Amino acid sequence: MRASLIVAFCIILSQGYCQNRKNDLVNGNFNNLPLEVIFDSLSAQTNYFFSYNSDLLPKGSLYSISADNTPIDKFLSRLLVGTGLKYSFFKDQIILNYLPVEARVIKKKNFFSISGTVYNENGETLNNANVFLDGTTIGVSSDIDGNYKLESIPPGFYDIVFSHVGYENAVYQISEMNGGSRIQTHQMELDLGQLEEVEVISNRINRAETSWQRHYAVFRKEILGQSENAKESVIENPEALDFTYNSEKNSLSAFSQFPLQIRNDALGYRVSYFLESFKKEESELRFRGKIRFRNLEPLNSVEKREWRKNRKKSYFGSFNHFKQSLLSGELKKEGFRIYRVRSLDKFEIKKENELSVTDILVFKGDHYELDFNNYLAVEYRKEKESEDFLRSSNFVQTLYAEYITSDGILIKDPGNQISVIRLLRNSVRLDLSGEVMDRFGLTTYGYWAWERTADLVPINYDPKYDNL
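Quick caveat: nothing in here was measured; it's all calculated off a predicted structure.

Draft legend 1. Structural detail: the pattern of salt bridges. Taken as a whole and assessed by the stated rule, the structure comprises 23 salt bridges. Across the salt bridge formed by arginine 182 and glutamate 176, the nearest N and O atoms sit 3.9 Å from each other. With relative accessibility at 16%, the residue glutamate 176 sits in the buried group. A salt bridge links lysine 231 to aspartate 388; the nearest nitrogen and oxygen atoms lie 3.7 Å apart. Taken as a pair, lysine 231 in helix α8 (residues 228-231) and aspartate 388 in helix α12 (residues 387-392) lie far apart in primary sequence, 157 residues in all. Given a relative accessible area of 10%, aspartate 388 falls into the buried group. Beyond isolated ion pairs, a larger network of salt bridges with shared partners links Lys332, Arg337, Lys351 and Glu354.

Printed below as a string of structure tokens:
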């Protein structure tokens, strides 16, 4: 009994000692320093020793933080926000390790804002400039004094776009995980290409020609897609488009001085599509643009419910849904399965080639990396393929060649949705919210590639809260 009391007293005394040590105070201003340098300074101030694997620390990241008689535990809690790291005390050591997967998901409450002023080439403020985050509903026009403010931005990685008629579009990358506010000013540059438009218009197809209508039909199908949502979408200003066609290469290119205005009556969005490039040559298609979403005003509660239902259907099974499920560690719960595939020519999904999240996703402290060889097949089991997809997708011709009759009729019932990812880099970085940080780092095939602009919901769309 006496020995037990002594042991208990020692444990209490040790716990009290550790608690007092946690109150060791930190002072100083740390400006643009790597974590290991800050840790060395903390060790010198408190006599704590840091224990960690150097691979845990974010590579190339610099941190600024100040302390004025701040307890070391509170200081570390502030310092490590957004790094994906946790700390614990053991005697005179501070041990660093990764947070569990479920704790790394960024909380939506960490909203942030971006504000600034837009100028012209003479340094004068420029009103009515479009300022928006690509692929989102977050955007405004600059006011009469050239000022703008984007608010309630969920944490993540974004492209902020500045656009104005007669000026070159400008894009900056913005990444913020911890909330707060940022300042981003911009000086617009004159678009000399638009000024020279009169000189090159003769090389393009006149809108009055029947060939313009034919090329527009091709463009519309490729941009909007061939789904049910595409059938309820319309480009409201097709006259903004010009086309060039090379008959020798069977190559079609499209240009637009103004953003295309797309009304999507299936999902309830008005989409401003800032076309950057479009080229279709034989079976190869490449197009790129920036997108701003705006909510349409529903006519009644019935239309509002229909839009919400269609938006959820578009989101679930999408690439964005896949990324969120990947990061949350709930891939199978959300209906996804992933498989290793060596080639598209001999495409086959086998149970023995099924992978887990840890086989393809690596946590790097301040970001994730997708890392796999060849191709990754993604199966979504909670929704069947669209019959429009089976009738029109080139991918289906490869995937289900044995189901196609001699006269081209597909004899197959819709199955689970199948998409494929191919990395164009050794690995591709995702930020802590799941956004791809290298937009040209991967390409997709199958269902995700077949779905086009008419099937997109904004990247800030949340199926649990749809603010119509």
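Draft legend 2. Spatial organisation of the sheet that holds strand β21 (residues 354-355). Strands sit in the order β21-β20-β24-β25-β27 across an open sheet of five strands; the sheet is antiparallel. Two strands in the sheet have a free side with no partner beyond their single neighbour: β21 and β27 (442-446).

Draft legend 3. Up close: helix α7 (residues 210-224). The first and last C-alpha atoms of α7 sit 21 Å apart over 15 residues, in line with the 21 Å expected at 1.5 Å per residue. Buried within α7 we find Ser211, Trp212, His215, Tyr216, Phe219, Glu222, Ile223 and Leu224. Mapping the buried residues of α7 onto a view down its axis gives an arc of 165°, with all of them on the same face. Opposite its buried face, α7 presents the exposed residues Thr210 and Arg214, each directed more than 90 degrees away. Positive phi appears at glycine 225, one or two residues downstream of α7, with a value of about 100°.

Draft legend 4. Geometry of the packing of aromatic side chains. If you walk through the whole model with that rule in mind, you get 27 aromatic pairs. Here the aromatic residues Trp212, Tyr216, Phe219, Phe243, Phe278 and Phe287 are joined through ring pairs into a cluster of three or more. A cation over an aromatic ring shows up here: arginine 311 above the ring of tyrosine 269, its NZ or CZ 3.8 Å from the ring centre.

Draft legend 5. Spatial organisation of the sheet that holds strand β7 (residues 130-133). Spatial ordering of the open sheet is given by β8-β7-β10-β11, a layout of four strands whose pairing is antiparallel. The sheet terminates laterally at β8 (139-141) and β11 (170-176), the two strands that pair on one side only. The sheet shows a mean angle of 15° between the axes of neighbouring strands, direction not considered. Pairing between β7 and β8: three bridges, direction antiparallel. Bridging from a neighbouring strand, valine 131 pairs with valine 140 of β8.

What counts, and at which threshold
Residues numbered from 1 in each chain as written. Predicted model: local features only at pLDDT ≥ 70, side-chain atom pairs only at ≥ 80, totals over all residues. Heavy atoms only, no water. Salt bridge = Lys/Arg side-chain N within 4 Å of Asp/Glu carboxyl O. Buried < 20%, exposed > 50% of the residue type's maximum accessible area, 1.4 Å probe, protein only. Helix = DSSP H or I, 4+ residues; strand = E, 2+ residues; numbered from the N terminus. Pairing = 2+ DSSP bridges. Expected span 1.5 Å × (residues − 1). Arc of directions from axis to C-beta. Phe/Tyr/Trp six-rings, centres within 6.5 Å; stacked < 30°, edge-to-face > 60°. Lys NZ or Arg CZ within 6 Å of the ring centre and 35° of its normal. Axes fitted to C-alpha atoms, helices over the stretch in contact; angles between N-to-C directions.

These values are about where atoms sit, not about what they do.
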